[in-house]
2 protein chains.
Amino acid sequence: MPTAAETVEKVVSGDIRSVARLIREIDDGVPAVRDVLKALYPHTGTAYVVGITGAPGVGKSTLVDQMISHLRAKDKTVGVLAVDPTSPFSGGAILGDRVRMQRHSMDDGVFIRSMATRGHFGGLTQSTRSAIDVLDAMGKDYVIVETVGVGQDEVDVVRSAHTTVICVIPGMGDDIQAIKAGILEVGDIFLINKADREGSDKTMSDLRLMIDMDQKKYEDGTWKPPILKAEAVFDRGVDELIEEIVRHAEYLRSVYGDLRFRARKDKVREELAEMVKARLLDTVVGRIIASGEFDAAVDGIVRGQVDPYTASDDLVLPKIVVPDDE
Amino acid sequence: MPTAAETVEKVVSGDIRSVARLIREIDDGVPAVRDVLKALYPHTGTAYVVGITGAPGVGKSTLVDQMISHLRAKDKTVGVLAVDPTSPFSGGAILGDRVRMQRHSMDDGVFIRSMATRGHFGGLTQSTRSAIDVLDAMGKDYVIVETVGVGQDEVDVVRSAHTTVICVIPGMGDDIQAIKAGILEVGDIFLINKADREGSDKTMSDLRLMIDMDQKKYEDGTWKPPILKAEAVFDRGVDELIEEIVRHAEYLRSVYGDLRFRARKDKVREELAEMVKARLLDTVVGRIIASGEFDAAVDGIVRGQVDPYTASDDLVLPKIVVPDDE
């Protein structure tokens, strides 16, 4: 096993094997990884992070594949994290629908990994953030995080992005239910993919209506999410998407002066709260579940001797230090 | 404030206002709710829980609306929980796309609530389980849990169901990516809604292929998920869906002897692990975030004096009791 300092040195120098191993260990929840991440931290903060999210089947992987080509043409290096919590494969596996990205696999300027993060309790958001740190520290100009689905997990994951692109396709619903309020909130750019399909204008006007409902919000110059059309499979609309991402980056720089999240108190608060949750679960839950006490409680519930609410109180409360004043 | 015993008595007698308030309090993470849930627990275990999940836009709400009518026609009482983690509305709100279910709002045999669960750290899975307990204890024959999205949260939520129905629509992707492995795993019944659309036969054969890949699994009589077609908006295919749900219930009874989850050790283990996590987060995280220590750590990170990994260690580790042998 290399020491934390050795791993950091290799990651920062861009050593592919060290990066791949580190991300796999993050995904598996290997405890020793934490020391590496601490030491890697001062090397982070230069990558621009783009989140791509939307329901399954909207063509996110194809879009990301095209984005890689466009960014490479501008001589930018790219890291991709495909986050798929429902995948049974653990970290590092290239999923079936990621295969099309393999045309970039011989390009040293591109690094693609999938994460599933079923191995531990710290959760998806936490391990994705850590993996972003790794790709950032290895020197990638852009890190693209592709998430499958539109649940709370995905919303949390894309909160780590500078720019979040919400992908939809025409005809996903008669009403605007394809884009729920919580998703709208995190979208910096909306992209209607497969825009040659029937209903694309309807989707455009629905989205516009939703965004315009917040019209007052934009009067002070706040970023108003543009809505783009694309047919990623034919490479149509991808250039415009990259342009809008760059324009959004300029907007962020004009507002915050600094693109590093960690210079922004709101982002740091959010991130630290997430890390506190993950750390707590990592440290305590596994220990409880592995204990004989836990098994005894399960038996008690099955026999009807105790309810699960009381049982979990009995398992958790003795593990916590309660302050003097409570 | 009524006592826990008073609330339990009212809920068990089917008092709508008490049930509504209790579910809202669960959604908001009101601490006192825990005592009510403990006392309510012995009254649970009779409802049959059906999970309905799938990407946004597949028509889940319309389907649930029709299912209610069919179940009412058989004189069954129905509770519905519409779980939408991306909604900015908190518990009890009837969401826009739930409006069509309002035709059942004057029917005493039907109780519909939406949950958003942003109010606390225990998480969506936990509060949904507790809300299911409430509808169960109030005497509903069926509890239908509708989840929006296909992320890990949603997978976890539908694990609380006896029968999980995965809804898809034709043309959601060129390949099978609309149904990821993790979702396939939890599906007891697949339903292709909007089956009049182009590509419905292709979706059917893709699904069949995926299910048949596990052929060996079914040789010993294990439940093999049927694939149904429906056009819920025209009430087509809903009768068949109800029939398959009843058939799945019979299968479960034949295997486990007892439909109560809490007689099943595997389900109890899963539930208790979830409760332990939720309890831990509820008890500790809010306290840490509200503390001056947390704010100081945020400042330290912004100034570059500490990394968030070390900061979260410093915040969390003193709050937990480490056993003597570590």
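Predicted, not measured: the structure shown is a model, and the values here were computed from it.

Q: Help me understand the packing of helix α12 (residues 292-302) of chain A against helix α11 (residues 265-289) of chain B in this model?
A: Between two packed helices, the angle of one axis relative to the other and the distance separating the axes together describe the packing. Axis separation between α12(A) and α11(B) bottoms out at 9 Å; the angle between their running directions is 120°. When the axis of α12(A) is compared with that of α11(B), the two are oblique. Considering the relative orientation of α12(A) and α11(B), their crossing is right-handed. From α12(A), Ala297(A), Val298(A), Ile301(A) and Val302(A) reach across to α11(B), where they touch Lys265(B), Val268(B), Arg269(B) and Leu272(B).

Q: Which parts of the structure should I look at to understand unusual backbone geometry?
A: As a rule of thumb, non-glycine residues mostly have phi less than zero, and peptide bonds are mostly trans rather than cis. Non-glycine residue Lys194(A) carries a positive phi angle of around 55°. Its place among the elements puts Lys194(A) in the loop between β6 (189-192) and α8 (200-212). When the 21 C-beta atoms within 10 Å are taken as the criterion, Lys194(A) is described as buried. Even without a glycine there, the phi angle at Asp235(B) is positive, about 65°. Looking at the element boundaries, Asp235(B) is found in the loop between β7 (227-229) and α10 (238-256).

Q: It is not clear to me how the nonpolar core should be interpreted in this structure. Could you clarify?
A: Across soluble globular proteins, nonpolar side chains have a tendency to be buried as a group. By size, the foremost hydrophobic cluster in this structure holds 166 residues, and its most contacted members are Val134(A), Ile144(A), Val145(A), Val134(B), Ile144(B) and Val145(B). Among residues more than four places away in sequence, those in contact with Val134(B) are Val11(B), Val19(B), Leu22(B), Ile23(B) and Leu40(B).

Q: How should the confidence of the model for chain A be read in this particular structure?
A: Predicted coordinates in regions of low pLDDT should not be interpreted in detail. Residue and element names in this part refer to chain A. Residues of chain A with pLDDT of at least 70 account for 84%, and the chain-wide mean is 84. When mean pLDDT is compared element by element in chain A, strand β7 (residues 227-229) scores highest at 97, while helix α7 (residues 181-186) scores lowest at 66. For the stretch residues 87-97, pLDDT sits under 50, and the model shows 35 contacts to residues farther than four places along the chain or on other chains. Long-range and interchain partners of residues 174-178, a stretch whose pLDDT sits below 50, account for 11 contacts in this model, where long-range means more than four residues apart. Interface predicted TM-score (ipTM) for the complex: 0.82; the corresponding pTM is 0.73.

Q: I'm lost on the packing of α12(A) against helix α13 (residues 308-316) of chain A in this one. Help?
A: All names here are of chain A. Where α12 contacts α13, the axes come no closer than 10 Å and their chain directions differ by 165°. Comparing the axis directions of α12 and α13 gives the class roughly antiparallel. In the crossing of α12 with α13, the sense of the turn from one axis to the other is right-handed. For the pair formed by α12 and α13, the contact residues are Glu293, Phe294, Ala297, Gly300 and Ile301 on the first element and Pro308, Ala311 and Leu315 on the second. For the contact of α12 with α13, the per-class residue count stands at 6 nonpolar, 1 polar and 1 charged.

Rules used throughout
- Residues numbered from 1 in each chain as written.
- Chains lettered and ligands numbered in written order.
- Predicted model: local features only at pLDDT ≥ 70, side-chain atom pairs only at ≥ 80, totals over all residues.
- Axes fitted to C-alpha atoms, helices over the stretch in contact; angles between N-to-C directions.
- Helix = DSSP H or I, 4+ residues; strand = E, 2+ residues; numbered from the N terminus.
- Parallel < 35°, antiparallel > 145°, perpendicular 65-115°, else oblique.
- Left-handed = near helix turned anticlockwise from the far one by under 90°.
- Contact = placed C-beta atoms within 7 Å.
- Buried ≥ 20, exposed ≤ 12 C-beta atoms within 10 Å, placed from the backbone.
- Core = buried A, V, L, I, M, F, W, Y, C linked by C-beta atoms within 7 Å.
- pLDDT = per-residue confidence, 0-100.
- Nonpolar A, V, L, I, M, F, W, Y, C, P; charged D, E, K, R; others polar.

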